[in-house]
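A structural walkthrough
What follows is the residue order along each chain.
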Amino acid sequence: MIKPLLVLFVVLALPSSWAAAQELDFRPPVAASDPTAPAIMRDLAERVLPVYQESDPERYLKNLSALQLVAGDYAAADATRQSLRERRRSAGRPLGEATLYDLYVHARAMAAGDRVSFAQAFTQSFRDSIARLNDQDAYAVTAWRGFPLPGLRETVQNSFNQWRPEGSIPLSEAVELIWRYFSFEAHRSFGPLIGALDAEDDQRRYVAEDRVLIKTSGGASISAVLIRPKGVSTPLPALLEFTIYVNSPNYAKECAAHGYVGVVAYTRETPQSRYRVVPYQNDGDDARAVINWIAGQPWSDGRVGMYGGSYSGFTEWAAAKRLPPALKAIATSAPTAPGIDFPMRGNIFRNSAYRWVYNVTNKKGWDGTYDDARWRSLQESWYQSGNSYRELDRTYRRPNKFFHRWLNHPSYDLFWQEMVPYQKQFAHINIPVLTTAGYYGGDEVGALYYFTQHYRYNPDANQTLLIGPYDDNVLQDAPSSVLRGYQIDPVALVDLHELRYQWFDFVFKGATKPALLADRVNYEVMGANEWRHAASLEAMANGAQRFFLDAAPLADGHVLAQQETSGSTSIRQTVSLTDRSDATWTPPFSIIGKDLQPHNSLKFVSDPLPRAIELNGLFSGRLDFTVNKMDMDLNIALYELLPSGEYLELFDPVYAFRASYASDRVHRHLLKAGERQQLTFRGERLTSRRLQAGSRVVVVLGVNRRPDQEINYGGGDDVSVESITDGKVPLKIRWYSDSYIDIPVQR
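Keep in mind that what you see is a predicted model, and the values were worked out from it rather than measured.

Attention now moves to the overall build of the protein. Across its full length, the protein holds 20 helices and 29 strands. Projected onto its principal axes, the C-alpha positions of the protein cover 85 × 65 × 50 Å. Looking at the 747 residues of the protein, the share that counts as buried comes to 55%. If you take every contact in the protein between residues at least 6 apart in sequence, the share linking residues at least 24 apart comes to 75%. When the accessible surface of the protein is split by element, carbon and sulfur atoms take 49% of a total near 31100 Å². A distance of 3 Å separates the average location of the 81 positive side-chain charges in the protein from that of its 85 negative side-chain charges.

Before going further, it helps to spend a moment on the pattern of salt bridges. Enumeration over the complete set of coordinates arrives at 39 salt bridges. A salt bridge links Arg 690 to Glu 614; the nearest nitrogen and oxygen atoms lie 3.1 Å apart. With Arg 690 in strand β26 (residues 677-691) and Glu 614 in strand β22 (residues 613-627), this residue pair connects regions lying 76 residues apart in the sequence. Since its relative accessible area comes to 30%, Arg 690 is described here as partly exposed. Here the salt bridges share partners, and the residues they tie into one network are Arg 81, Arg 85, Arg 88 and Asp 102.

A few words on the packing of aromatic side chains. Going through the model one piece at a time under the given rule, you end up with 52 aromatic pairs. The interplanar angle of 15 degrees and the centroid separation of 5.5 Å between the aromatic rings of Phe 122 and Phe 190 together place this pair among those described as stacked. With Phe 122 in helix α7 (residues 118-130) and Phe 190 in helix α10 (residues 171-205), this pair connects stretches of sequence that are 68 residues apart. The same class applies to Phe 122 as to Phe 190, namely buried. With a centroid separation of 6.0 Å and 65 degrees between ring planes, the pair formed by Trp 293 and Trp 299 is classed as edge-to-face.

Here we come to helix α5 (residues 74-90). The first and last C-alpha atoms of α5 sit 24 Å apart over 17 residues, in line with the 24 Å expected at 1.5 Å per residue. All of the buried residues in α5 are Ala 76, Ala 77, Asp 78, Thr 80, Arg 81, Ser 83, Leu 84 and Arg 88. Positive phi shows up at Gly 92, right after α5, with a value of about 70 degrees.

To continue, consider the packing of helix α6 (residues 97-114) against α10. One can describe the packing of α6 onto α10 by two numbers: an axis separation of 10 Å at closest approach and a directional angle of 80 degrees. Classed by the angle they form, the pair α6 and α10 counts as roughly perpendicular. Mapping the contact onto sequence places Glu 97, Leu 100, Tyr 101, Tyr 104, Val 105 and Arg 108 in α6 and Trp 179, Phe 182, Ser 183, Glu 185, Ala 186, His 187, Ser 189, Phe 190 and Ile 194 in α10. For the contact of α6 with α10, the residue count by class is nine nonpolar, three polar and three charged.

To continue, consider the pairing of strand β29 (residues 740-746). Buried residues dominate β29, accounting for six of its seven residues. Bridge count between β22 and β29: five bridges; the pairing is antiparallel. When the bridges of β29 are listed, Leu 615 appears paired with Val 745.

Let us now look at the pairing of strand β18 (residues 557-561). Counting buried positions over the five residues of β18 gives four, a clear majority of the element. Alignment of strand β17 (residues 543-554) against β18, held across four bridges, turns out to be antiparallel. Across the sheet, residue Leu 554 finds its bridge partner in β18, namely Gly 557. The turn joining β17 and β18, which pair antiparallel and follow one another in sequence, is formed by two residues. Sheet topology places β18 next to strand β21 (residues 601-605); two bridges connect them, and they run parallel. Counterpart to His 558 in the pairing with β21 is Phe 604.

Quick look at the environment of Gly 593 now. Along the chain, the position of Gly 593 falls in strand β20 (residues 592-593). C-alpha separation for the pair Gly 593 and Arg 689, spaced 96 residues apart in sequence, amounts to 17 Å. If we skip the residues at most four places from it in the chain, Gly 593 touches Glu 646 and Tyr 647.

One finds Leu 240, Met 306, Trp 356, Trp 406, Phe 625, Met 632 and Trp 735 to be the most contacted residues of the largest nonpolar core, which totals 108 residues. Dropping the residues within four chain positions of it, Met 306 is found in contact with Leu 240, Phe 242, Ala 287, Ile 291, Thr 315, Glu 316, Ala 319, Leu 327, Ala 329, Ile 330, Ala 331 and Phe 504. Among the nonpolar cores identified, the runner-up in size contains 58 residues, and Tyr 206, Ala 252, Phe 504 and Val 521 belong to it.

Spatially, 10 strands are ordered β3-β4-β6-β5-β7-β8-β11-β12-β15-β16 in an open sheet, and the strand pairing comes out mixed. In this open sheet, the two strands that pair with only one neighbour each are β3 (206-215) and β16 (530-534). Ignoring which end each strand starts from, the neighbouring axes of this sheet average 20 degrees apart. Strand direction decides the pairing type here: strand β4 (residues 221-229) and strand β6 (residues 261-266), joined by four bridges, are antiparallel.

Its place among the elements puts Thr 725 in the loop between β27 (696-703) and β28 (731-736). For Thr 725, a relative accessible area of 52% puts it in the exposed group. Considered as a pair, Thr 725 and Leu 577 are 148 residues apart in the sequence and their alpha carbons are 9.5 Å apart. Reaching out from Thr 725, the side chain makes a polar contact with the side chain of Ser 723 at a distance of 2.9 Å.

With that out of the way, let us pick up unusual backbone geometry. Pro 343 follows Phe 342 through a cis peptide bond whose omega is 0 degrees. Tracing the backbone shows Pro 343 in the loop between β8 (327-335) and β9 (344-345). Between Asp 652 and the following residue, Pro 653, the backbone shows a cis peptide bond with an omega angle of 0 degrees. Summarising the element assignment, Pro 653 is placed in the loop between β24 (647-649) and β25 (655-658). A positive phi angle, near 75 degrees, is found at Tyr 280, a position not held by glycine. Mapped onto the secondary structure, Tyr 280 falls in the loop between β6 and α12 (283-295). Despite not being glycine, Ser 310 shows a phi value in the positive range, around 55 degrees. Ser 310 gets classed as partly exposed once you look at its relative accessible area, which sits at 27%.

All right, on to the confidence of the model for the protein then. When the pLDDT values of the protein are averaged, the result is 92; 95% of them are 70 or greater. Contacts from residues 1-20, a stretch scored under 50 in pLDDT, to residues over four places away or in other chains number 25 contacts.

Our focus in this paragraph is empty space enclosed by the protein. In total, this model carries four cavities of 30 Å³ or more according to the counting rule given. Considering only enclosed or pocket space, the largest cavity measures out at about 60 Å³ in volume. Lining the largest cavity are 13 residues, and of these Leu 577, Met 632, Asp 633, Val 703 and Asn 712 sit closest to its centre. For the lining of the largest cavity, the per-class residue count stands at six nonpolar, three polar and four charged.

About the criteria used
Residues numbered from 1 in each chain as written. Predicted model: local features only at pLDDT ≥ 70, side-chain atom pairs only at ≥ 80, totals over all residues. Heavy atoms only, no water. Helix = DSSP H or I, 4+ residues; strand = E, 2+ residues; numbered from the N terminus. Buried < 20%, exposed > 50% of the residue type's maximum accessible area, 1.4 Å probe, protein only. Contact = heavy atoms within 4.5 Å. Areas by Shrake-Rupley, 256 points an atom, 1.4 Å probe, with all protein chains shown as cover. Lys, Arg positive; Asp, Glu negative; His and termini not counted. Charge placed at Lys NZ, Arg CZ, Asp CG, Glu CD. Salt bridge = Lys/Arg side-chain N within 4 Å of Asp/Glu carboxyl O. Phe/Tyr/Trp six-rings, centres within 6.5 Å; stacked < 30°, edge-to-face > 60°. Expected span 1.5 Å × (residues − 1). Axes fitted to C-alpha atoms, helices over the stretch in contact; angles between N-to-C directions. Parallel < 35°, antiparallel > 145°, perpendicular 65-115°, else oblique. Nonpolar A, V, L, I, M, F, W, Y, C, P; charged D, E, K, R; others polar. Pairing = 2+ DSSP bridges. Core = buried A, V, L, I, M, F, W, Y, C linked by side-chain atoms within 4.5 Å. Polar contact = N/O pair within 3.5 Å; in protein donor to acceptor, adjacent residues only side chain to side chain. pLDDT = per-residue confidence, 0-100. 1 Å grid on protein atoms, 1.4 Å probe; cavity = no way out; pocket = protein on both sides within 12 Å on 5 of 7 lines; lining within 4 Å. Points joined across faces, edges and corners; volume = space filled by probe spheres on them.

See below:
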């Protein structure tokens, strides 16, 4: 047998066009699980092996092991995985999914060589290998076992379906298909075994209690799960997630694997009500009750940290509103700020809020009553009906009192202020806080709200922000190298999940502070492949570039000018409030693309940039206009128009806001219909990007009339009771050319 690394040396000398030049005959089986699939895939792998090459050594070894195993050469595959394992070890790579593949391949080799069943071989391999690992490494391996087999099967099946009509497959695609098939077969083989083996290993490592009931001072019961390391005689700090999602991933064992007591507690249930839970309103008090209970347990050293994202991020701030003595640190990821970014954003209610509250309060749980297709159909029905927003849930025939309760509070009034710290209450929060968020996450708005308010009312606060080209799921799923079509800079591919534990170790165990968290604001500059650090959001930039929304026309828009030309010229925009031809419209999914797809909007395009500039921070501006209504909903998006002709979205979702709340989210200030007026605003979407020389800056200013959000008909009344009959007169705006956008730049 030729040694794998010798093969690597030989193939690196071959031409780089090897993959594109070769096609292989291929007749895929009918199904991924078809009895003929192993023989067909074995034949394909045997033909690929002699000609396979790859310039990346690690990728080469990974794919080679799959080719060898699918071809039936188990001993060679095992040796290749050993070479790959040694490379990972020498590079200091963390353990993870790859270790499970190591165990799988080794078990196949053992079964073939020792003539034992695969189940026996894998069980022995698992026990021998995992038992030698510490808790953290063992968890890193077994946490990957949750790959959904149906998803893997579907991936293989889709590939079979794709190439069946062709009768052949390019060599590069054959390599990818064999890896997918290898992964599918691996999980199909060890999936039925690993759950019991993992549980057996857990019994050796942890003490687990999954039915803990914690009483509040008011007599309510809070259900919790608790896991702590076994054999530890000294009390430990605890990490708590307080969540509304009973079926969400449970990180209590992960916390225990990192040397903490892991506790996951759940929003109190209401058995005497038709609704399962009451969202938001009791969680602060209940989380404090759980924290106090933890601090009184014999295994606790009296210190509690909280963690979580979205709703769980909200509960951390809700608990900190009246800071319990035992709460010593919180680590939030894209935390929801009720009344700020949910159920409305920019004071505009979103249909997704109703969908969410129906499902979390439904006693059946998230029952799939409204799958995406049905949801879109119902949403279109409401939009086309022209009914008021208060009748949204009637369209779905599922009235929800919480949805209507929220609609009664369209401003950031006392109802919302009671849920999380408000103004001077931030001054008393003096514990360390870590906040992570993404330029492409909807809850970035909430994260920035907490960050800015904390420092506004407590200049000496100890809050650290880490933000980059991520979406809201970045702590549930590791950052992907490609996000919605956009290639993420390599430096941004950080394991933020593990970073959170490193930060907790810094706070609770005296470990070194992660270098990435060097200052209060830590941000990745897209396009520069660099992390930067600043003392504040304002310090991210040392200047601003002003762009005027000029009326001068272009072939497909208007001029975005760096000099004001005239304050008297203007653009007239008319938007029908009764048109429903866009009932199926959805915002573009891709972050980068050739088509901008404007919707009820105006596009402004700058001249090519003579040199690269860095856009860092929050944009702001002033709109000068006349309008025939007393209110309107607007949105603003920023793009880089690359020299290639592609539009790169600089943040997402767009910055949308109700004009009457633009300067004051607590009190509504109606517009003056028919009068020229100015509206000054500060965006709530932060981003950082090095704009290329030759690129153009694009500003899209639009009227926010869309089927998935509340529609403002401009009458000045409660927007939620307005209907299509209030919109018979179209919205007419005259935008003056002295309107501008200020973009923060680092010169």
